[in-house]
Amino acid sequence: MSVNKEIKRVTTHVLQAMKAEGQKIAMLTAYDYSMAKLIDGGDVDVILVGDSASNVMAGHETTLPITLDQMIYHASSVVRAVRRALVVVDLPFGSYQGNSKLALESAIRIMKEAGAHAVKLEGGAEVADSIKRILKAGIPVMGHLGLIPQSIYKFGTYTVRAKEETEADKLREDALLLQELGCFAIVLEKIPAGLATEVTQSLYIPTIGIGAGGGTDGQVLVSHDMLGITMDFTPRFLRRYLNLAETIQDAVRHYTQDVKSRDFPNEQEQY
Ligand code: KIV
């Protein structure tokens, strides 16, 4: 008799039920098939194909250069690997700001060509028209407030946002607006923990924090940072669970020595 082990997929409704039941949500990034398979196998709830691929995968200084075609390539690789997690894909810089028709076209390409389950975009009132139009087409939208890296040249630095009352007030209003428009969740990046907790308590949709303290409904980290693959990024909020950079480099050195000393391949490792 074969045992049918059906995997229950995480949906946007599951995430909202998790908030209602006080269960925390775990989200991590992935940009390729192999890593997405490992991360999905680790029972994470949401996999974000973040535009941080621009930094992590392509070595750019900011997230601005990554294109919609490149995001679709990364996202389709991830979707092919994932069996359980909800796959959310970032709309890249220039694919949704200031033009709701373009925003809808970009979101449709991500859903159709990559097979994504939802899109994420940065900002509040400024992008409300784009959010409305995407939601009207039946595409779930995750918001992103606080430090929004696509606006880095406006901010000038990657330091904590919304420490001043005016910016905190705008963030409170934007969070309520995103909920009212119909976003299913909001990422809160690098804002004071007290403000993140307050915003989380004011909403019925879940918040996912990064550098926003423990009061949010979930947490997100860039996988390459938490696995210790990227070693030059050391913000206070980052917890490293592995030092893969060292492990990988040790293995590569070992292999190189084995090749040079003619130890590899041996009799068993050839035909
Ligand atoms: O692109 C990304 O990885 C993100 C997370 C840091 C939230 O937006």
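Coordinates for the structure precede this section.
Note that the structure is predicted; figures quoted are calculated from it, not measured.

## Brief notes about the packing of helix H4 (residues 68–81) against helix H5 (residues 100–114)
Axis separation between H4 and H5 bottoms out at 9 Å; the angle between their running directions is 35°. For the pair H4 and H5, the crossing hand works out as right-handed. Across from Leu68, Asp69, Ile72, Ala75, Ser76 and Val79 in H4, the residues of H5 making contact are Ser106, Arg109, Ile110, Glu113 and Ala114. Looking at the contact of H4 with H5, its residues break down into six nonpolar, two polar and three charged.

## Points about the site of the ligand
Around the ligand, the neighbouring residues are Thr29, Leu48, Gly50, Asp51, Ser52, Asp90, Lys120, His144, Val187, Ile210 and Val222. Isolated, the ligand exposes 260 Å² of accessible area, and the fraction of that covered by the protein chains is 95%. Within the shell around the ligand, the residues separate by chemical class into four nonpolar, four polar and three charged.

## A short note on the side chain of Ser130
Along the chain, the position of Ser130 falls in helix H6 (residues 128–136). A relative accessible area of 3% places Ser130 in the buried class. Apart from the residues lying within four places of it in its own chain, the contact partners of Ser130 are Tyr96, Asn99, Ser100 and Ala103.

## A short note on the packing of aromatic side chains
Counted according to the given criterion, the structure contains two aromatic pairs. Considering the side-chain rings of Phe233 and Phe237, the 6.4 Å spacing of their centres and the 70° angle between planes classify their relative orientation as edge-to-face. What makes Phe233 partly exposed here is its relative accessible area of 37%. Cation over ring: Arg161 sits above Phe155, and NZ or CZ is 3.9 Å from the ring centre.

What counts and how
- Residues numbered from 1 in each chain as written.
- Predicted model: local features only at pLDDT ≥ 70, side-chain atom pairs only at ≥ 80, totals over all residues.
- Heavy atoms only, no water.
- Axes fitted to C-alpha atoms, helices over the stretch in contact; angles between N-to-C directions.
- Helix = DSSP H or I, 4+ residues; strand = E, 2+ residues; numbered from the N terminus.
- Left-handed = near helix turned anticlockwise from the far one by under 90°.
- Contact = heavy atoms within 4.5 Å.
- Nonpolar A, V, L, I, M, F, W, Y, C, P; charged D, E, K, R; others polar.
- Near = heavy atom within 4 Å.
- Areas by Shrake-Rupley, 256 points an atom, 1.4 Å probe, with all protein chains shown as cover.
- Buried < 20%, exposed > 50% of the residue type's maximum accessible area, 1.4 Å probe, protein only.
- Phe/Tyr/Trp six-rings, centres within 6.5 Å; stacked < 30°, edge-to-face > 60°.
- Lys NZ or Arg CZ within 6 Å of the ring centre and 35° of its normal.

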